[in-house]
Amino acid sequence: MTKNDILSFLPAACPWRDSVLWFDSIDSTNTRAKSLAVAGAPHGTVLIADYQTGGRGSRGRRFHSPAGSGVYLSVILRPVCDPGALMHLTCAAATAMCDAVEAVCGFRPGVKWINDLVFHNRKLAGILTELGLHASGVVDYAVIGIGMNCCQRPEDFPEDIRHMAGSLSSVSGRAVDRNRVAAAMVEALWKMDSRLLTERAQILSQYRRDCVTIGREVSVVKADGAVRHGRAVDIDAEGALVVEFAPGQIETVCAGEVSVRGMYGYV
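The rules behind each value
- Residues numbered from 1 in each chain as written.
- Predicted model: local features only at pLDDT ≥ 70, side-chain atom pairs only at ≥ 80, totals over all residues.
- Heavy atoms only, no water.
- Salt bridge = Lys/Arg side-chain N within 4 Å of Asp/Glu carboxyl O.
- Buried < 20%, exposed > 50% of the residue type's maximum accessible area, 1.4 Å probe, protein only.
- Pairing = 2+ DSSP bridges.
- Helix = DSSP H or I, 4+ residues; strand = E, 2+ residues; numbered from the N terminus.
- Axes fitted to C-alpha atoms, helices over the stretch in contact; angles between N-to-C directions.
- Disulfide = S-S within 2.5 Å.
- Left-handed = near helix turned anticlockwise from the far one by under 90°.
- Contact = heavy atoms within 4.5 Å.
- Nonpolar A, V, L, I, M, F, W, Y, C, P; charged D, E, K, R; others polar.
- Phe/Tyr/Trp six-rings, centres within 6.5 Å; stacked < 30°, edge-to-face > 60°.
- Lys NZ or Arg CZ within 6 Å of the ring centre and 35° of its normal.
- Polar contact = N/O pair within 3.5 Å; in protein donor to acceptor, adjacent residues only side chain to side chain.

Draft legend 1. Up close: the pattern of salt bridges. Within the structure shown, the criterion is met by 14 salt bridges. Among the salt bridges present, the one from Asp-27 reaches Arg-32, with a minimum N-O distance of 3.9 Å. With a relative accessible area of 34%, Asp-27 lands in the partly exposed category. Its salt-bridge partner being Lys-123, residue Asp-116 comes within 3.4 Å of it at the nearest N-O pair. Three or more residues joined by partner-sharing salt bridges are found here, namely Asp-99, Glu-102, Arg-108 and Asp-210.

Draft legend 2. Spotlight on the sheet that holds strand E2 (residues 45-49). Strand order across the open sheet formed by seven strands is E1-E2-E3-E7-E6-E5-E4, with mixed pairing between neighbours. Where the open sheet ends on each side, the last strands, each with one partner, are strand E1 (20-23) and strand E4 (110-112). Geometrically, the sheet is characterised by an average inter-axis angle of 20° between neighbouring strands, direction not taken into account. Bridge analysis of E1 against E2 gives four bridges, and the strand direction is parallel. From the neighbouring strand, Val-20 faces E2, where its bridge partner is Val-46.

Draft legend 3. View of the state of the cysteines. Under the criterion given, the structure shown has zero disulfides. No disulfide involves Cys-98; its sulfur sits 9.8 Å from that of Cys-211, the nearest cysteine.

Draft legend 4. How the structure looks around the packing of helix H3 (residues 89-105) against helix H6 (residues 200-210). Following both chains from N to C, one finds H3 and H6 inclined at 65°, their axes separated by 9 Å at the closest point. H6 is crossed by H3, and the crossing has left-handed handedness. In this structure, H3 contributes Cys-91, Ala-92, Ala-94, Thr-95 and Cys-98 to the contact, and H6 contributes Ile-203, Leu-204, Gln-206, Tyr-207 and Asp-210. Across the contact of H3 with H6, the residue classes break down as seven nonpolar, two polar and one charged.

Draft legend 5. Region of interest: the packing of aromatic side chains. As enumerated under the stated definition, the model contains one aromatic pair in all. Both rings, one in Phe-107 and one in Phe-119, keep their centres 4.5 Å apart while their planes meet at 45°; by these two values the pair is tilted. With Phe-107 in the loop between H3 and E4 and Phe-119 in strand E5 (residues 116-119), the pair connects residues that are twelve residues apart, well separated along the chain. For the pair formed by Phe-107 and Phe-119, the shared burial category is buried. Across from the ring centre of Phe-245, 3.8 Å away, lies the NZ or CZ of Arg-228, which sits over that ring.

Draft legend 6. Layout of the environment of Arg-108. Relative to the helices and strands, Arg-108 resides in the loop between H3 and E4. When near neighbours in sequence (up to four residues on either side) are disregarded, Arg-108 contacts Thr-95, Cys-98, Asp-99, Glu-102, Phe-119, Gln-206 and Asp-210. Within polar-contact distance, the side chain of Arg-108 engages the side chain of Glu-102 at 2.7 Å. Within the structure, Arg-108 has its side chain in polar contact with the side chain of Asp-210 (distance 2.8 Å).

Draft legend 7. Focus on the pairing of strand E3 (residues 70-77). For E3, the tally of buried residues reaches eight of eight residues, placing the bulk of the element in the interior. Residues of E3 alternate between two faces, with Gly-70, Tyr-72, Ser-74 and Ile-76 on one and Val-71, Leu-73, Val-75 and Leu-77 on the opposite face, all of them buried. In this structure, E2 lies alongside E3, joined through five bridges in antiparallel fashion. By the bridge assignment for E3, Ile-48 is matched with Leu-73. Pairing between E3 and strand E7 (residues 139-149): eight bridges, direction antiparallel. Considered in E7, the bridge of Ser-74 is made with Gly-145.

By themselves, these figures tell us nothing about what the structure is for.
Right, here's the structure in full:
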C-alpha cells in the first residue's frame with residue numbers, strides 16, 4: 001500500500017486528494033489528526049497508515065493494527081455547527097464504510113450499534129469519532145477514525161479476539177487490494193461529508209437498514225458494571241439505540257453512557 005497507489009483509485013474530482021498524508025508507522029491516526037486539527041489543519045485532511053503502534057478504539061480499548069494487513073485512516077472535518085448537529089456522525093461514518101466495502105468487495109457488511117462493521121458475526125472494522133469545541137461551544141473540528149481489517153487470516157489475530165475478529169479477505173474468500181479499499185473509504189467519507197448536515201434523516205434511514213443490532217436481544221452495560229437485558233427495537237433521530245427492557249418499558253441508550261453487547265455471541 002502506497003500513497004500514489006491509493007490516489008490512483010481516488011476520483012480526480014475528490015478535493016481531499018491533495019490533503020492525504022501517508023505514514024508507514026504512526027502511534028494513532030486519530031491522535032495525530034487531533035493534534036493537526038488543533039494546529040489548524042484544513043477540512044478534509046486525511047491520514048492513512050500502514051501500521052499503528054497505539055491504535056485506539058472506543059472506551060480506550062486498543063485496536064490491533066498490524067503492518068501489511070489493514071487500512072488505518074482518520075479524516076479531519078470542520079463542520080460549522082453546534083455539537084448537537086453531529087449526534088449522528090458515527091452512524092453516518094458507519095454507513096459510509098459499508099458503502100466503501102460494498103464498492104470494493106461486492107458484499108455489504110452490517111453495523112453493530114454503534115460503531116463496528118460486522119459480517120457473519122465477525123468484526124471487520126471499528127470507528128472512533130472525536131470532537132473538539134471552540135470556547136463558545138460550537139464545533140472546532142471532528143475527527144473520524146477507522147481501522148479496517150483487510151488481509152488478516154484468522155490465525156493472525158491475537159488469541160483473545162480471534163473468536164470475533166475477521167477481515168475483508170477472510171469473510172469473502174478473496175484477495176483484497178488495500179489501496180482500493182483505502183481509496184473507497186476516502187471517497188465514501190467525502191460523499192458523506194457533503195450531506196452530513198443536510199440529510200440526517202436519509203442517513204439514519206440507511207443506518208437502520210445496515211444495523212444488525214435492531215431486533216436482537218442485547219445486554220446494556222453501564223460504566224459501573226450494572227447490566228440490564230432487553231431487545232433493541234430502533235435507532236432514534238439522533239442515532240441512539242431504542243431498547244425495550246420490558247413490555248411497554250422503552251428507553252434510549254446513548255453510546256457515551258453504556259456499552260451494548262449481544263447476549264448470544266458478538267453481535
